[in-house]
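# Structural description and commentary
Given next are the chains, with one letter for each unit.
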Amino acid sequence: MIELKSPGELDAMRAAGVVVADALAAVRDHARVGVSLLELDEVAHQVIRDAGAGSSFLHYRPSFAPTPFPGVICASVNDLIVHGIPDGYRLRDGDLVSIDCGAHLDGWHGDSAISFVVGEADPADLLLIDTARRALEAGIAAAVPGARIGDVSHAIGVICRAAGYGMPSDFGGHGIGREMHEAPGVPNEGKPGRGLTLRPGMAIAIEPMFHAGGRDGYYAGEDGWGLHTVDGSRAAHVEHSVAVTEDGPRVLTAPRQPVAPLRS
């Protein structure tokens, strides 16, 4: 069943989304050569705690996972696509890092992801990240009342394929609200005009995952969580939680607006 959220409930989801955005911003600011993934996990955890929120990821265990997830963030480096467990690995110059974070506040969840390069960036990595961001923006733009899930999926997929990238075909976005993962599924590739009709009050997480090497294959690492590109190429993952409204898509996990300076 898909729950349609009221405007007030979407405001509550936005509050959770701000916590996630703040945590991701803090992680990005802290990430530099020599910093460990565990340190980044603690940075995010502190932001979530300070906001009076809880982690959506910590101890989460979906059906495919052999163990509960041990971190507050998913920290995926280079050929890791998603679900990387934060550990003692210390960032190196040129690493492509994807950070996924979820938080719940007053019973509502937010989920978002960013990708960036630490230190000196390879232009190919920056292009991969930028393409994933453009696909995310296209998917968000398609999330309007009366559109179909396939319209969102198609908007993402055509950008991925035009760039020559691959994607994990059986992982994608999802509904979000009182639970982190709800119906409907939101694939990263699909046919326009197909699938569930989007209605005001629906909330979905849209999350492109692109493989630089162009192949769709992946494999699970020894920990049973992290998904690696099958060809060892680098991957980028970006995500926002988005509400479908009569006024257009509302990005619930957008960074908070800066406070305008006071004028004398």
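Okay, so let's go over this structure. Please read these numbers as outputs of a predicted model, since none were measured by experiment. (Residues numbered from 1 in each chain as written. Predicted model: local features only at pLDDT ≥ 70, side-chain atom pairs only at ≥ 80, totals over all residues. Heavy atoms only, no water.)

## Let's talk about the packing of aromatic side chains
The way to describe two aromatic rings as a pair is by their centre distance and the angle between their planes. Enumeration over the complete set of coordinates arrives at five aromatic pairs. Summarising the aromatic geometry, the rings of F64 and W225 are spaced 5.5 Å apart at their centres and angled 70° between planes, so their arrangement reads as edge-to-face. On the criterion of sequence distance, the pair formed by F64 in the loop between β1 (54–55) and β2 (73–77) and W225 in the loop between β10 (218–220) and β11 (227–229) is long-range, its members being 161 residues apart. Judged by relative accessible area, W225 falls into the buried class, the value being 3%. The rings of F64, F69, F171, Y218 and W225 are connected pair by pair, giving a single aromatic cluster. (Phe/Tyr/Trp six-rings, centres within 6.5 Å; stacked < 30°, edge-to-face > 60°. Helix = DSSP H or I, 4+ residues; strand = E, 2+ residues; numbered from the N terminus. Buried < 20%, exposed > 50% of the residue type's maximum accessible area, 1.4 Å probe, protein only.)

## Examining the environment of Y89
One can find Y89 in the loop between β3 (80–82) and β4 (96–105). In sequence terms Y89 and Y165 are 76 residues apart; their C-alpha atoms lie 27 Å from each other. Among the polar contacts listed, one links the side chain of Y89 to the side chain of D95, at a separation of 2.8 Å. (Polar contact = N/O pair within 3.5 Å; in protein donor to acceptor, adjacent residues only side chain to side chain.)

## Remarks on the sheet that holds β3
As a general point, the strands of a sheet are linked pairwise by backbone hydrogen bonds and lie either parallel or antiparallel. Reading across the sheet, the three strands line up as β3-β11-β10 and stay open at both edges, with antiparallel pairing between neighbours. The two strands at the open ends of the sheet, each matched to only one other strand, are β3 and β10. For this sheet the average axis-to-axis angle between neighbouring strands, irrespective of direction, equals 40°. As paired strands, β3 and β11 are joined by two bridges and run antiparallel to one another. The residue of β11 that forms the bridge with L80 is H228. (Pairing = 2+ DSSP bridges. Axes fitted to C-alpha atoms, helices over the stretch in contact; angles between N-to-C directions.)

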